[in-house]
Amino acid sequence: YYNENSILFLDGQWVKASEAKVDLFSQTMHYGNGAFEGIRSYAGAAGPNVFKAKEHFERLKYSAEKMGIKISQSVDELVKVSYELLDRNGLSNAYIRPMVYLGANMKLLSCGEVHVMMAAWDWPPYLGDEALKVMISSVERPNPKSIPVDAKVTGNYTNSIMASNEAKRNGYDEALLLDSEGYVAEGSGQNFFFVKDDVIYTPPLGNILPGITRATIIEYAMELGYPVVEKLFKPEEMKGAEVAFFTGTATEVASIKSIDDMEFAADWKETVAYDLFLMYRQRVSNAELSEFTLV
Ligand code: PMP
């Protein structure tokens with residue numbers, strides 16, 4: 001994630017990643033009370049393009065605020081920092097990780113110093129580019145009344161880690177988590193879609209992280225004229241589906257070969273999902289070049 005030349009942003013300063021320090025009494029370290037984002041930038045004709053930068057930093061602020069943590073920087077300031085970060089590290093195709101964390105504080109209360117850091121590194125698609133063998137996890141997504149599942153709060157990710165550990169242990173590539181009522185929710189760090197009879201289905205907002213890639217893919221599907229249905233469904237309703245896929249910033253668009261013993265027969269390249277994958281790949285690097293000049 002970093003080498004001796006990597007520079008990161010920390011509370012308004014630019015520091016060497018190898019020299020940056022964190023307090024061992026940080027509340028985020030002990031209790032998981034912090035927020036983060038996962039953003040990608042892509043090389044474009046006029047320089048790097050931080051894809052959906054504003055949406056990501058808006059979500060970062062939302063996630064922190066949901067935990068009672070206030071960030072002093074505006075969304076526009078954070079967007080600027082992300083471009084400067086790329087520039088200082090000589091990166092254009094990169095993964096950007098902003099994180100909001102708290103200083104020393106052992107109370108079970110959001111109080112104390114608020115820190116903002118941002119780092120970037122070169123990162124290939126998170127789940128690789130081979131079709132995935134997916135397991136329906138015995139680990140459920142948390143009830144949204146107990147934990148803010150619609151926010152990228154650091155502590156939420158113990159749930160994701162439990163699910164993907166279980167999937168790996170059982171010889172799968174990734175987990176698909178159900179909500180507490182048994183409806184399909186999402187992957188450990190991805191949203192989920194399947195296609196049946198040319199209709200694209202995805203779980204509605206409520207028990208999932210509102211993925212920025214998910215929203216983008218829904219928009220592209222509608223642009224291509226494919227019907228998209230956001231509804232709750234049980235795993236058995238996917239029987240007979242042509243194809244299924246995950247979406248996420250780190251993952252991009254990843255095809256799924258099977259879910260438990262359910263195999264998807266269609267040739268990936270012949271599916272709607274592949275059209276969306278290609279459209280995503282093409283648009284990320286040049287769709288929003290104006291975004292930077294706006295701030
Ligand atoms: N669900 C979870 C639990 C995630 O961590 C992520 C990654 N941020 C996603 C879905 C996909 O969200 P996005 O497309 O905004 O990266």
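Scoring rules and cut-offs
Residues numbered from 1 in each chain as written. Predicted model: local features only at pLDDT ≥ 70, side-chain atom pairs only at ≥ 80, totals over all residues. Helix = DSSP H or I, 4+ residues; strand = E, 2+ residues; numbered from the N terminus. Rg over C-alpha atoms; globule rule 2.2 N^0.38 Å. Buried ≥ 20, exposed ≤ 12 C-beta atoms within 10 Å, placed from the backbone. Contact = placed C-beta atoms within 7 Å. Pairing = 2+ DSSP bridges. Near = placed C-beta within 6 Å. Nonpolar A, V, L, I, M, F, W, Y, C, P; charged D, E, K, R; others polar. Expected span 1.5 Å × (residues − 1). Arc of directions from axis to C-beta. Domains from an automatic or database assignment. pLDDT = per-residue confidence, 0-100. Axes fitted to C-alpha atoms, helices over the stretch in contact; angles between N-to-C directions. Parallel < 35°, antiparallel > 145°, perpendicular 65-115°, else oblique. Left-handed = near helix turned anticlockwise from the far one by under 90°.

Asks: Let's hear about the overall build of the protein chain: which residues, and what values?
Replies: Scanning the protein chain from terminus to terminus reveals seven helices and 16 strands. A compact globule built from 295 residues would reach a C-alpha radius of gyration of about 19 Å, and the protein chain, at 19 Å, matches this within 12%. By its C-alpha atoms, the protein chain is 55 × 45 × 30 Å across when sized along the principal axes. The buried share of the protein chain, taken over its 295 residues, is 38%. Residue pairs at least 24 apart in sequence account for 69% of intrachain contacts in the protein chain once pairs closer than 6 positions are excluded.

Asks: Requested: an account of the pairing of strand E15 (residues 252-259), with residues and values cited.
Replies: Among the eight residues that make up E15, six are buried, leaving the element largely enclosed by the rest of the structure. Where strand E8 (residues 132-136) meets E15, three bridges bridge the pair, whose relative direction is parallel. Paired with Lys 133 across the strands is Ser 258, a residue of E15. Examined bridge by bridge, strand E14 (residues 243-248) and E15 share five bridges and lie antiparallel to one another. Bridge assignment links Phe 245 to a residue of E15, and that residue is Ser 255. By the bridge criterion, two bridges tie E15 to strand E16 (residues 262-263) in an arrangement that is antiparallel. Bridge assignment links Ile 259 to a residue of E16, and that residue is Met 262. Count of turn residues in the E15/E16 antiparallel hairpin: two residues, of which Asp 260 carries a positive phi of about 50°.

Asks: Any chance you could break down the site of the ligand for me, citing the residues and the numbers?
Replies: Surveying the vicinity of the ligand reveals 15 residues, the closest of which are Gly 211, Ile 212, Thr 213, Gly 248 and Thr 249. Per-element tally for the shell around the ligand: the top contributor is helix H5 (residues 212-223), with three residues. Considering only residue class, the shell around the ligand consists of two nonpolar, 10 polar and three charged.

Asks: Break down the environment of Ala 250 for me, with residues and values.
Replies: Take Ala 250: it is sitting in the loop between E14 and E15. Between the alpha carbons of Ala 250 and Gln 190 there is a distance of 8.5 Å; along the sequence they are 60 residues apart. The residues touching Ala 250, leaving out its near neighbours within four places in the chain, are Gly 38, Tyr 95, Trp 123, Tyr 126 and Gly 189.

Asks: How would you sum up helix H6 (residues 272-284)? Please name residues and give values.
Replies: Look at H6: 18 Å from first C-alpha to last across 13 residues, which is about the 18 Å you get at 1.5 Å a residue. By the burial criterion, the buried members of H6 are Ala 273, Leu 276, Phe 277 and Val 284. In an axial view of H6, the angular spread of the buried residues amounts to 105°, which keeps them on one side of the axis. Check the buried side of H6 and you find it contacts strand E4 (39-44), strand E11 (191-196), H5, E14 and E15.

Asks: A description of the domain arrangement of the protein chain should follow, citing residues and the corresponding values.
Replies: Think of interface size as the accessible area that goes away when the parts come together; that is how it is often given. By domain assignment, the protein chain separates into domain 1 (7-123) and domain 2 (132-284). One C-alpha centre belongs to domain 1, the other to domain 2; they are set 26 Å apart. Considering each element in turn, the side of domain 1 that touches domain 2 owes the most residues, six residues, to helix H2 (residues 53-66). When its residues are assigned to classes, the side of domain 1 that touches domain 2 shows 10 nonpolar, seven polar and six charged.

Asks: Got a sec to walk through the confidence of the model for the protein chain? Specific residues and values, please.
Replies: A low pLDDT means the predicted coordinates there should not be read in detail. Taken over all residues, the pLDDT of the protein chain has a mean of 95, while the share at 70 or more is 97%. Here residues 289-295 is a poorly scored stretch, pLDDT under 50, and it has nine contacts once near neighbours within four places are set aside; other chains count.

Asks: Talk me through the packing of H5 against H6; I want residue IDs and the actual numbers.
Replies: One can describe the packing of H5 onto H6 by two numbers: an axis separation of 10 Å at closest approach and a directional angle of 115°. Looking at the two axes, H5 sits roughly perpendicular to H6. Of the two elements, H5 crosses H6, and the hand of that crossing is right-handed. Taken together, the residues of H6 that come into contact with H5 (itself represented by Thr 216, Ile 217, Tyr 220 and Ala 221) are Leu 276, Met 279 and Tyr 280.

Asks: Tell me what's going on with the environment of Val 243, and back it up with residues and numbers.
Replies: Looking at where Val 243 falls in the secondary structure, it is placed in strand E14. With 23 C-beta atoms packed within 10 Å, Val 243 lands in the buried category. Linking Val 243 and Thr 158, residues 85 residues apart in sequence, is a C-alpha distance of 29 Å. Sequence-distant contacts of Val 243, defined by excluding residues within four places in its chain, comprise Phe 194, Val 195, Ser 255, Phe 264, Ala 266, Trp 268, Thr 271 and Ala 273.

Asks: Can you lay out the pairing of E4 for me, pointing to particular residues and giving the numbers?
Replies: Here E4 pairs with strand E6 (residues 94-102) via three bridges, running antiparallel. Across the sheet, the residue bridging to Ser 41 is Ala 94, located in E6. The antiparallel hairpin formed by E4 and strand E5 (residues 47-50) contains two residues in its connecting segment.

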